[in-house]
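Topology and contacts: notes
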Amino acid sequence: MDITKVSLKELRKALDDKEISAAELAEEYIGRIKTADAEVESYITVTEEQAKIAAEQAQKLIDDNKAQPLTGIPLAIKDNICTDGIRTTCASKMLENFVPPYNATVIEKLNGQGYVLLGKTSMDEFAMGGSTQTAAFSKTKNPYDTGRVPGGSSGGSAAAVSAGLAPAALGSDTGGSIRQPSSFCGVTGLKPTYGRVSRYGLIAFASSLDQIGPIANSAEDCGILLNAVAGRDEHDATSAGVPVEDFNAKIGQSIKGMKIALPREFFGDSTDDEVKQAVTAAAKEYEKLGAELVDCSMSSLKYAVAAYYLISGAEAASNLSRFDGIKYGLRGEGRSFDEMIRDSRSRGFGAEVKRRILLGNYALSSGYYDAYYRKALALKQQIIKEYNDIYAQADVILTPTAPTVAYRIGEQETDPVKMYLADICTVTVNIASLPAISLPCGYNADGMPIGMSLVGKRFDEATLIQTADAYQRNFTVMPNKFRA
Amino acid sequence: MKLYPTIGLEIHAELMTESKVFCTCSAKFGGEPNSRCCPVCSGLPGTLPVLNSKAVEYIIKAGYIMNCEISRFTKWDRKNYFYPDLPKAYQISQMPRPVCLGGYVDIESEGKTKRMRINRIHLEEDAGKLVHENRISLADYNRCGIPLIEIVTEPDFHSAADVTAFFEKIRLMLQYAGVCDGRLEQGSMRCDVNISLAPEGSDTLGTRTEVKNLNSLRAIQRAVEYEIYRQTELIENGERVIQETLHFNDATGETSSLRSKEDAHDYRYFPDPDIPPIIFTEEELAAIKADIPEMPQQRYERYTKEYGISGADAAVLINTKAVSDFFEAAVKAYDNPKPIATFITVELMRRINLGEVDAENIPFAPENFARLVELAETGKISKDNRKMILRDMTASGGTPDEIAEREQLWIKEDSELTEKTVDEILAANPKAVEQYRNGETKVFGFLMGQCNRALKGSASPAAIKRVLEEKLK
């Protein structure tokens, strides 16, 4: 069995049928990581020892016929999700040696099923960026072309899945951080509705936008992970009391008569022609499957990036203030408290993180609050309204995930404004608290994957998975060299 | 030119919830350093606050007893600043939408009833504590996340007496409401005082200073008096008062600068995205209001009107909640409030004031105290023996009945013994007897005392008096 070519369902069956043991499966992945990850650099920490122990425990459950969907399944976890006793760095020098004394709720839930942790994956520092090149260590490469970025901020998770170094992974998405790297690496990533998955234990970037979600080889695999981690959590007051359904329940149901909206503004000049063509072709596929395409507009899109960077920057500036080096993290020097934290923060944070902190504090400063932060909140209301208007006449929305394919390392990530504008296709989803899934819909002339996004109504992940799955049944993934 | 002080207060009161405001750690005072904290209240990355609904209930009660409007919609904000005792580098507080708005408390000060207006009351979290040792500072996060209410008044105060009367009054009200234990020595209530001076009759206020963190009545009074004196001196010498935040030094009785207006923080308040806003229904608010216990003023009315206790005694009873609660329990055991009240105000309060008995930890049960009063009222023991028995109860922990039995203090009304004793006393004091018979009736008291002492309380004073009068005829 080539473990990189099978779905989670098939892995489950192989484990339950004793075709492979949990230990063998974990070993195979660890072996693959040892061979390929020197080039991809998708992991910051590989947890070989813990994986062995977890696999043994999982095997007992399997042998006792007590297996759940993820028992014995190896997974990679983004390094901003706290794991008890295992270093959690946020790819920052600030937290290089931070070992949390507690598990994130999603980790508790996965442990409850007996999953096997392979390691912690790289990301843009504190999830700020779209290239994974702002990471202080493990600047991940794109498995389709290691001269290119994997996207970000969950670039490590997306690249690991893409290169077959994990069958699936968890990422987090604040403005596109699951979807955009999924698009760049040719895999499927689901950003759930805000409140669907507990944020407890996710090191916060922007609390009103952050959401943990799965990255996998298919929409169905994403659904299996989401089934495991979703639900109301008493440790997160913003987690929703909406009952957790089987997110894969609608898989296989016909999408005949489904209305798919294409907002014009997402197909404008700033989007590459190759991307537009691939997404438009995918829309035609949906038409063939019986869906009805609806032309629509989102006029506030041009302000979305500004609103996003103000809101996320303000929250980030406050969230990251706790990193003062007193109890954990990089400890600077100085003769006074002020000197000490200034030194800790100057040395601990990278340039992009500092830029966001400055931006956020500026937006919240007395005299500027009304001009920036309050306006951004007003825009948020406008964006929500425009989405509601579209959903009055459509079931899902189809857009490109990113205006381009993965770019070359060093090409773009040094120009912050250019980088920020590249988030145009993804940020409104977070601002409006909606669920969205990115899936590959083609490859450009260089063989780089192109991704499209389906955006759903709040708490309607099941329809997104159904719709994505309907397309994936007829789509052939072009494997990269690590999985050939 | 006469200068007139104008004063406004910000009072922080810790709520007496079991657990902290955003996590489940114990909210008790003290404990080994950092023994009462968890990843949430010590601000570890990834943790999230979850609001304690009990704290919300308590602030609503505080609002009602101070006649505030309770906001139907309330939310929390982050107040951002760096300080080593604040592990998240922001305090979760409330800015534009506090739980309580507008209100008032009437106080008695300088012989007048004055209405002091409340601007707002909001709910926030306390910070930790720093301990400075030699050249090291140590942080203790036990206090981090203890729920605090901040009561902000209007500038309606004009003297130290106004301020202390108000502080005492709300301390008592919060205690009665079961909202704050009011233990000043444990820092349960702290007061910031804003003071400015202006010529009497002036329309505008002078430049104000803020004295931070006063935690005793005496400190509040001294700080206000000192600051009025200091500002008066400055103005009269033609100097300027600088807008600044001050620290009051208990040892010297003087204030000193902490920071000036220029160094003031920009707290960059914004809505806390981790805590959803709350919308209260009328039913929820009505249920909380109905749950507020009797306030000191109501008890005072009941004591004076229903029980016929004097205003002075009633005031003594209510002014210490523990004493008033003790009285209530005693009355429940023996339904005769007046003598119980009198014995408390005369005897128990004396022992409390002498420091022999701790009001918060009275060493005998109110039922036993009530029984003691009952024994005296029903003539089973003499009133004079009550004090002795009370002292014995304090020391031995025995009941009044046990002690009366052990010490043989029961009034036996043995007329033979009484007559015999009176005869002996009269025989031993022929001069007094003669004086009495010559019309100097005031020696009767002396003879009464002699008989009483000899009988050791085994006869009631009425019986002794009857026999003595008979024999002296």
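For clarity, every value in this text was computed on a predicted model and none was experimentally measured.

Attention now moves to the overall build of chain A. For chain A, the helix and strand inventory stands at 15 helices and 11 strands. Here the C-alpha atoms of chain A give a radius of gyration of 21 Å, agreeing with the 23 Å that 2.2 N^0.38 yields for 484 residues. Each principal axis of the C-alpha distribution contributes one length, and for chain A these read about 65 × 55 × 45 Å. Across the 484 residues of chain A, 65% fall into the buried class. For chain A, the accessible area works out to roughly 16800 Å², and carbon and sulfur atoms hold 50% of it.

Attention now moves to empty space enclosed by the protein. If you walk through the whole model with that rule in mind, you get six cavities of 30 Å³ or more. In this structure, the largest cavity occupies an estimated 160 Å³ of space. Forming the boundary of the largest cavity are 19 residues, of which Val40, Cys41, Lys88, Ile92 and Glu125 of chain B lie nearest the centre. Across the lining of the largest cavity, the residue classes break down as 11 nonpolar, two polar and six charged. Lining of the second largest cavity is provided by 15 residues; of these, Gly129, Gly175, Ser177, Tyr308 and Asp423 of chain A occupy positions nearest its centre. Taken together, the residues that form the lining of the second largest cavity break down as four nonpolar, nine polar and two charged.

Time to look at the interface of chain B and chain A. The interface is formed by 29 residues belonging to chain B together with 36 residues belonging to chain A. Summing the contributions of chain B and of chain A, the shared interface buries around 2700 Å²; its carbon and sulfur component is 61%. At the junction of chain B with chain A, the criterion picks out one salt bridge. Across the salt bridge formed by Asp274 of chain B and Arg199 of chain A, the nearest N and O atoms sit 3.0 Å from each other. Between chain B and chain A we count 14 residue pairs in polar contact (both at pLDDT 80 or more) in total. In terms of residue class, the side of chain B that touches chain A is built from 19 nonpolar, five polar and five charged.

Take the confidence of the model for chain B next. The predicted model of chain B has a mean per-residue pLDDT of 93, with 100% of residues at 70 or higher. Both confidence scores are given for the complex: pTM 0.91, ipTM 0.96.

Conventions we followed
- All residue numbers here refer to positions counted from 1 along the written sequence of the relevant chain.
- Each chain gets a letter, beginning with A, and each ligand a number, beginning with 1, in the order they are written.
- Owing to the predicted nature of the model, reporting of local features is limited to residues with pLDDT of at least 70; listing and counting of side-chain atom pairs is limited to 80 or more, with chain, interface and lining totals taken over all residues.
- Note that water and hydrogens are dropped before the side-chain values are worked out from all heavy atoms of the structure.
- Numbering of helices and strands runs from the N terminus, with a helix taken as a DSSP run of H or I at least four residues long and a strand as a DSSP run of E at least two residues long.
- Throughout, the radius of gyration refers to the C-alpha atoms, and the reference size of a globule is 2.2 Å times the residue count to the power 0.38.
- Each residue gets one of three labels from its accessible area relative to the maximum for its type: buried under 20%, exposed over 50%, partly exposed in between, using a 1.4 Å probe on protein chains only.
- For the area figures, the Shrake-Rupley method with a 1.4 Å probe applies, and any residue is considered shielded solely by the protein chains shown.
- Of the two site types, the cavity is a set of points on a 1 Å grid over the protein atoms alone where a 1.4 Å probe fits but cannot get out, and the pocket is an open set with protein on both sides within 12 Å along at least five of seven lines, each lined by residues with an atom within 4 Å of a point.
- Grid points are joined across faces, edges and corners, and a volume is the space filled by probe spheres set on the points.
- The nonpolar class holds Ala, Val, Leu, Ile, Met, Phe, Trp, Tyr, Cys and Pro. Asp, Glu, Lys and Arg form the charged class, and all remaining residues, Gly among them, are polar.
- By definition, residues are in contact when any of their heavy atoms lie within 4.5 Å.
- Throughout, buried area stands for the accessible area (probe radius 1.4 Å) lost by two parts on being put together, summed over both.
- Salt bridges are counted wherever a side-chain nitrogen of Lys or Arg sits within 4 Å of a carboxyl oxygen of Asp or Glu.
- In protein, a polar contact means a hydrogen-donor-capable atom and an acceptor-capable atom, both N or O and within 3.5 Å, with residues adjacent in sequence counting only if both atoms are side-chain atoms; elsewhere, any N or O pair within 3.5 Å suffices.
- Within a predicted model, pLDDT stands for the predictor's per-residue confidence, ranging from 0 to 100.

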